[in-house]
Amino acid sequence: HHYPPVFPVVSAMASLVLPLPAAILVLAPLAFCGVLVALVRLLGAPLGGLSAAVLVGVLWSSPELAALSVSPDPRGLQLAFFYGGVVLLLGSAHLARGVGVGVLSGLLVLTRPEGVLFAVLLLAVACVLWRRRVGPALACFAGVVLPYLWWVSSAVGSVSLNSRAWEIKGAGLLELLPVRPLIHLWGA
C-alpha cells in the first residue's frame, strides 16, 4: 500500500539522527506543539503562562487529541499544518503568507488523503479573503501537489483522489522511498 508521503519522509529524515522508533514517535509531540502554538496565536493570547496551560488542558481533555499527541499518527501533523494555514489566513495578503498557505495546503494533501478537504477549505477562504492576491497560494499549492501526482501517475498509470485507490495504485512507489519499515505502523 502507498500512503501520502509527508509523514514517512519526515520520519525518515528524523531517523538520520534518531533511531527509527524514536524518529517516528518524536513527530507526535512536535505536531502537538505546532497545534498548540497555532491555537494560541488564533486566540490572540501570548504564548506561555496561564493561557497556554489552559489550552494544553483543554486539548488533553479530548481522548482523541491526547492520543494524537503521543502516537505515530500523521493526523497530528495534518492538524498542525491546517491550523498553521488558518493562522496565516488571518493576516493580510502578502507574498510570504500566500506561499505559506499554498505550501501548507499542499502538505495537507500529501499527509493524508482527506487532506484534500482541508486544503480546499484553506484555499477557498484565501480566495474569499485575499481575492486577486491569492495567486501565490494557488501556485505554491500546485507546485507542491502536481509533481507528486504526476510521479504517481507516471508510475502507476493513473491517479485517483479516492483514499483506498490512492493507497493501492501507489504501492510500487514504496520501493523507491527509504521508508518501508513505516508501513508496518499502518498495516500492510
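Summary of the structure given here.

Parameters at a glance
- Along each chain, residue indices are assigned from 1 in the same order as the chain's sequence is written.
- Totals for whole chains, interfaces and linings use all residues, but because this is a predicted model, local features are given only for residues with pLDDT of at least 70 and pairs of side-chain atoms are given and counted only at 80 or more.
- The side-chain quantities take in all heavy atoms of the structure and omit both hydrogens and water.
- Where helices are involved, their axes are fitted lines through C-alpha atoms of the stretch in contact, as for all axes, and angles between N-to-C directions lie from 0 to 180°.
- For helices the rule is a DSSP run of H or I covering at least 4 residues; for strands it is a run of E covering at least 2, with both sets numbered from the N terminus onward.
- Note that the term roughly parallel is reserved for angles under 35 degrees, roughly antiparallel for angles over 145, roughly perpendicular for angles of 65 to 115, and oblique for everything else.
- By convention the crossing between two helices is left-handed if the near helix lies anticlockwise of the far one by an angle smaller than a right angle, and right-handed if it lies clockwise.
- Residues are treated as being in contact if the distance between any of their heavy atoms lies within 4.5 Å.
- Residues are grouped as follows: Ala, Val, Leu, Ile, Met, Phe, Trp, Tyr, Cys and Pro are nonpolar; Asp, Glu, Lys and Arg are charged; all remaining types, including Gly, are polar.
- To form a nonpolar core, buried Ala, Val, Leu, Ile, Met, Phe, Trp, Tyr and Cys residues must be joined to one another through side-chain atoms within 4.5 Å.
- Only protein chains enter the calculation, and the probe is 1.4 Å; a residue is then buried if its accessible area is under 20% of its type maximum, exposed if over 50%, and partly exposed in between.

**A look at the packing of helix H2 (residues 20-43) against helix H5 (residues 74-89)**
Argument step 1. Close contact between H2 and H5 brings their axes to 8 Å; oriented N to C, the two are set at 25 degrees. With respect to their mutual orientation, H2 and H5 come out roughly parallel. Crossing geometry of H2 relative to H5 is assigned as left-handed. Of the residues in H5, those in contact with Ala31, Gly34, Val35, Ala38, Leu39, Arg41 and Leu42 of H2 are Gly76, Leu77, Leu79, Ala80, Tyr83, Gly84, Val86 and Val87.
Argument step 2. Of the residues contributing to the contact of H2 with H5, the split by class is 11 nonpolar, 3 polar and 1 charged.

**Some details on the nonpolar core**
Argument step 1. Residues Leu59 and Val101 are the most contacted members of the largest nonpolar core, which totals 34 residues.
Argument step 2. Every element with two or more residues in this core is listed here: helix H1 (6-14), H2, helix H3 (49-61), H5, helix H6 (95-109), helix H7 (115-130) and helix H8 (135-156).
Argument step 3. Top contributing element to this core by residue count: H2, with 8 residues.
Argument step 4. Each residue touching leucine 59, except ones within four places of it in the same chain, is listed here: Phe32, Val35, Leu36, Leu39, Leu65 and Ala66.

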